[in-house]
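# Structural overview for review
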Amino acid sequence: MTTTQGLWRARLPVLIAGVFVLAFVALVAVAFERQRGTSELGAGGRINTVGTFIRFANRAAPDFTLPNLRGGKDIALADLRGQVVIVNFWGSWCPPCREETPVLVAFAREYADDGVTVIGIDVWEKDWNDGRAFLEEFRVDYPNVYDARGHVTIDYGVSGVPETFFISPDGQLLGKYTGSIKSADQLLSILAELGITLSPLR
């Protein structure tokens, strides 16, 4: 064995360890990047803390039929065809969801006669009675459903809550907003960006 070969053999464990350390650091960096704008929560979901608007093109809204959170007949997206539909994914355990709910309640009431329907989808609950209690607390009177198996949440690509999707009267997914909706004016502005103009709140 030459001196050079001996040196390489002696250094090999250090080089291998270095490669593993670099790989670990890279994985941590990727995980951190994916977590930006969200925070973990024990209920199984994430909280979107940064507001982001994303526009979609040529994308049909995934259809769904889910149980009414208040009981009674299931609610189907297909039954809302012909209306502008605002789909809000939320959880009772999510502080930004609690902040935006009064805004959505007021907006839904104001524009109910203008061809606009707000529908809430409760996700990642430990018990759907928590979602029902949330609706009572905030006097939510627009339709709300429960995605117990998470299929619709996956279909829409939801990574955290709140996330709000905007669907055209012909069933096209126009865009989404991640994070808390702060005001009716913000909702009107997002809709206008997507080509849907409503009169200001009266």
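In this section: the nonpolar core. Among the nonpolar cores identified, the biggest contains 55 residues, and Phe89, Phe107, Ile121 and Tyr156 are the most heavily contacted of them. Breaking this core down by element, the ones donating at least two residues are strand S6 (84–90), helix H2 (95–110), strand S7 (116–122), helix H3 (128–137), strand S8 (144–146), strand S9 (163–167), strand S10 (173–178) and helix H5 (184–193). Once you skip the residues sitting within four places of it in the chain, Phe89 turns out to touch Ile121, Val123, Val152, Thr153, Tyr156, Val158, Val161, Pro162, Glu163 and Phe165.

Below, the discussion takes up the pattern of salt bridges. The tally for this structure, following the rule as stated, stands at five salt bridges. Across the pair Glu137 and Arg98 runs a salt bridge whose closest N-O atoms are separated by 2.5 Å. One end of the pair, Glu137, is in helix H3; the other, Arg98, is in helix H2, and 39 residues separate them in sequence.

What follows deals with the environment of Phe166. Looking at the element boundaries, Phe166 is found in strand S9. With 48 residues separating them along the chain, Phe166 and Val118 place their C-alpha atoms 9.5 Å apart. When sequence neighbours within four positions are dropped, the list of residues in contact with Phe166 reads Val85, Ile86, Gln172, Leu173, Leu174, Gly175, Lys176, Tyr177, Leu187, Ile190, Leu191 and Leu194.

This next bit is on the packing of aromatic side chains. With the rule as written, the count across this model stands at nine aromatic pairs. Each ring, one from Phe89 and one from Tyr156, has its centre 5.6 Å from the other, and the planes form 55°; the classification is tilted. Of this pair, Phe89 sits in strand S6 while Tyr156 sits in the loop between helix H4 (151–155) and S9, and the two are 67 residues apart along the sequence. Of the two residues, Phe89 and Tyr156, neither departs from the other in class, the shared state being buried.

Here we come to the side chain of Thr164. Mapped onto the fold, Thr164 is located in strand S9. Separated by 2.9 Å, the side chains of Thr164 and Asn88 make a polar contact. Beyond its immediate stretch of four places on either side in the chain, Thr164 contacts Ile86, Val87, Asn88, Glu100, Gly175, Lys176, Tyr177 and Ile181.

What follows is about H2. Spanning 16 residues, H2 covers 24 Å between terminal C-alpha atoms, matching the ideal 22 Å at 1.5 Å per step. Where H2 is concerned, the buried positions are Pro96, Cys97, Glu100, Thr101, Val103, Leu104, Val105, Phe107 and Ala108. Against strand S2 (46–48), S6, S7, H3, S9 and H5 lie the buried residues of H2.

Our next topic: the packing of H2 against H5. Between two packed helices, the angle of one axis relative to the other and the distance separating the axes together describe the packing. In contact at an axis separation of 9 Å, H2 and H5 are set at 65° when each is read in the N-to-C sense. Considering their axes alone, H2 and H5 lie roughly perpendicular with respect to each other. Judged by residue contacts, Val103, Leu104 and Phe107 of H2 engage Ala184, Leu187, Leu188 and Leu191 from H5. Residue classes in the contact of H2 with H5 are distributed as seven nonpolar, no polar and no charged.

All right, on to the sheet that holds S7 then. Taken in spatial order, the six strands of this open sheet run S3-S10-S9-S6-S7-S8, and their pairing is mixed. Strands at the two margins of the open sheet, each flanked by one partner only, are strand S3 (52–55) and S8. Between one strand and the next, the sheet's axes are offset by a mean angle of 20°, whatever the strand orientation. In the sheet, S3 pairs with S10 via four bridges, with the strands oriented antiparallel. Within S10, the residue paired with Ile54 across the bridge is Lys176. Along the sheet face, H3 touches S6, S7 and S8 and points at about 120° away from the line of S6.

Rules behind the numbers
- Residues numbered from 1 in each chain as written.
- Predicted model: local features only at pLDDT ≥ 70, side-chain atom pairs only at ≥ 80, totals over all residues.
- Heavy atoms only, no water.
- Core = buried A, V, L, I, M, F, W, Y, C linked by side-chain atoms within 4.5 Å.
- Buried < 20%, exposed > 50% of the residue type's maximum accessible area, 1.4 Å probe, protein only.
- Helix = DSSP H or I, 4+ residues; strand = E, 2+ residues; numbered from the N terminus.
- Contact = heavy atoms within 4.5 Å.
- Salt bridge = Lys/Arg side-chain N within 4 Å of Asp/Glu carboxyl O.
- Phe/Tyr/Trp six-rings, centres within 6.5 Å; stacked < 30°, edge-to-face > 60°.
- Polar contact = N/O pair within 3.5 Å; in protein donor to acceptor, adjacent residues only side chain to side chain.
- Expected span 1.5 Å × (residues − 1).
- Axes fitted to C-alpha atoms, helices over the stretch in contact; angles between N-to-C directions.
- Parallel < 35°, antiparallel > 145°, perpendicular 65-115°, else oblique.
- Nonpolar A, V, L, I, M, F, W, Y, C, P; charged D, E, K, R; others polar.
- Pairing = 2+ DSSP bridges.

Shape descriptors only; they carry no functional weight alone.
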